[in-house]
Amino acid sequence: MSFTGGCSTSDTISATGDATITFAALSDGTYDCNLIVTDAAGNASNILNISEFTIDATSPTYEILYSNNGPVKSGDSVTITAEFNEDVKDSSVPQIELSGDATGFDAINMTKTDSNTYTYVWTVGTGDGNLIPTVTVAEDLVGNVITETGSTKTQIEVDNTLPTLSSVTIESNNSNTAYAKVGDVVTLSFTASENLQTPTVTIAGYSVGAILSEGSYIAEYTLVSGDAEGIISFTIDFTDTAGNEGSQVTTTTNESSVTFDKTIPIISSVVLGSDEYINSDETTSGINILVNTTGVEDSQTVTCELTDGTTTISKIGSVSSNTVTIASGVLTSLNDGTITVTCDVSDISGNAATSESNTATKDTVAPTLVSAEKVSETGIELTLSETITDNDSNPTDFTVTDSQDNTFTVTSQSNTDGTTILLTVNSMHTSIGDLTVTYTNNNSEVEDLAGNDLATDSTGVVASSVNYLSFVEGWNYFALPKDTEDNTISAMFNTNLENIEVIYKYDSVNEQYVAMDNSDELELLEGYIIKTTSAFDEEVVYELDSALYSGEYRTLVPGTWNLVGNTSLENRSRMSYILNSCESTVSEDNLWDMTVHYNEAGQYGFIQNILSSYNVDLMDSFWVYVPTLPDYQSCTMLLNRLEVEE
């Protein structure tokens, strides 16, 4: 016997009649074989066609598919599909089991979908871990039974553990990460205990996306002016890949927080030093800048710049004291004049206040005493180089002495118009020669507006006063009070000569008045009779205030010096007669405070308490100081009408 079509047998000889042929072992496949029988004589039979047949000796295999690839959690419904590599029998219903770390199930019938596909709908149970599916029962059409070996198994993960966030932090990109202002970015970072579905995150009430980066989730939000101030809130809602929902997180794990502050702070004022001036002492010893702020936390830095327009210096301070300290010596680099200070500050969130500026005047030059002038018998006016402050409290800073080193008490001082001081001085009418005013700075009472003290030992000399002798139209009595370089009539009266009709002096030898020439000299304190054609004032330099008169009676002026003399051609030379009514209200022992006569030594001699019986020579003149008492208000000097031959 011989075969074609892939069939063969080890036994090629067969007896006559029916025979059973056992093919040699065939591999799985489909065969179409032909048989030819040859007798002993070599005659071949017709070809015998053996019906097509299939050899299947291999157990079926399968692949597992899931409707939910997992992870899955308790209660989830998962369709498990077994796809066989060949048709399987219905009569031996395929069964599947699920075993492993979580709760699975024992072998259970599957439901046929088609000839090689079976399914089972599984409701996930408890536990965590991986479960492995195994088809335990299945048989192909030829009866090959499925075996675990060689089958494709796909495990499924069961996750019933709720996810947690192991690290949650929040910060801003502000220099102080715990605070934020408008435009700053707030970053929320968190790490989960397992893989998550996309978290749902809000920051400051706004939904923001979270991006997984290097194992952590990052969510960012940029603050705008419409956001509410205060600690920025956030929420994190999250679910793991199995669908387990974690508890919403609203707090950080490290107590971090971000406070939103959009309020712009205010610098309400900047004050350089204690006033609007910087004096010499402050320049060397240092001063403070007081910066008043609103809405700025303590310990925030205040930065101030000072400039004179050429040089600029910077200083910093702290809001806790609102004071920026300028150390000693720093201000020496700035020139005198206007100093501009500009200060800046930001709150802890970085909100910058609007810069605030102010100015002060740097003045390191001490005032000086420019001049001193006697303005009355009790007043000396001092002129200073610049405006000074009020200084009414202590007059002891000034002393007044005359040419004989006599000292006169300063009883008060007052600032009259900013650059002048009026000193009130006792008994100044008794002074001799020029007066010297000296500032000793005992009490630092005289300062300029910047507070620079008037220089110690500043002096001012009160020169002989320049005053006017007043002449009325008609007859006048006159005596020259002080010697000048040129005592001639023409030099004395200068441009007023045209107003003088005649000047008479008394000739005591011939007992008559004699008209004088313009070239004649006037003698000190010699009495002269002058007739004028019109009234005029003549400027003279002398030490004592005078009050000239006309008419029969002349009222003496209280509180000043008055010129008196004997003009009588009769024997009426007693002082009581000359002074007429002046002794009616006072005792003659203290009738006059002081009377002065010019003596031969070239000095004024002082005669205290001249009595009313004192005899006065004809045309002899005296300076009389009348006290400022009511009793003297009507005191007059009798002036006889002078009979002078033309």
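Model, not experiment: these values are computed from the prediction.

Q: What exactly am I supposed to notice about the sheet that holds strand 9 (residues 105–109) here?
A: In sheet architecture, strand pairing relies on hydrogen bonds along the backbone and comes in two forms, parallel and antiparallel. Taken together, the four strands give an open sheet; going across it, the order is 9-8-12-13, and neighbouring strands pair in antiparallel fashion. At either margin of the open sheet sits one strand with a lone partner, and together these are strand 9 and strand 13 (156–158). Pairs of neighbouring strands in the sheet enclose a mean axial angle of 30°, with direction left out of account. Sheet topology places strand 8 (residues 95–100) next to strand 12 (residues 129–137); six bridges connect them, and they run antiparallel. Bridge pairing links glutamine 95 to valine 137 in strand 12.

Q: Explanation requested: the pairing of strand 20 (residues 216–222) in the structure shown.
A: The side chains of a regular strand alternate between both faces of the sheet. Here strand 20 shows a clear split, with Tyr217, Ala219 and Tyr221 buried on one side and none of Ser216, Ile218, Glu220 and Thr222 buried on the other. As judged from the six bridges shared by strand 16 (residues 185–192) and strand 20, these two strands associate in the antiparallel manner. Across the sheet, serine 189 pairs through a bridge with isoleucine 218, a residue of strand 20. Linking two consecutive strands that pair antiparallel, namely strand 19 (residues 210–213) and strand 20, is a turn of two residues; a positive phi of about 50° is found at glutamate 214 within it.

Q: Would you mind showing me how to read unusual backbone geometry here?
A: Backbone geometry places alanine 204, a non-glycine residue, at a positive phi of 60°. Within the secondary structure layout, alanine 204 lies in the loop between strand 17 (200–203) and strand 18 (206–208). At asparagine 322, a position not held by glycine, the phi torsion is positive, near 55°. Note that asparagine 322 resides in the loop between strand 28 (312–318) and strand 29 (323–325). We classify asparagine 322 as partly exposed; its relative accessible area is 23%.

The rules behind each value
Here the residue index of a chain counts from 1 through its sequence in written order. For a predicted model such as this one, the threshold for reporting local features is a pLDDT of at least 70, and the threshold for listing and counting side-chain atom pairs is 80 or more; totals across whole chains, interfaces and linings nevertheless cover every residue. Think of the side-chain values as coming from all heavy atoms in the structure, minus any hydrogens and water. Two strands qualify as a pair provided DSSP detects at least 2 bridges between them. Elements are defined by DSSP. Helices are runs of H or I of four residues or more, strands are runs of E of two residues or more, and each kind is numbered from the N terminus. Axes here mean lines fitted to C-alpha atoms, for a helix over just the part in contact, with angles spanning 0 to 180 degrees between N-to-C directions. Buried means the residue's accessible area, taken with a 1.4 Å probe over protein chains only, is under 20% of the maximum for its type, while exposed means over 50%, and partly exposed covers the values in between.

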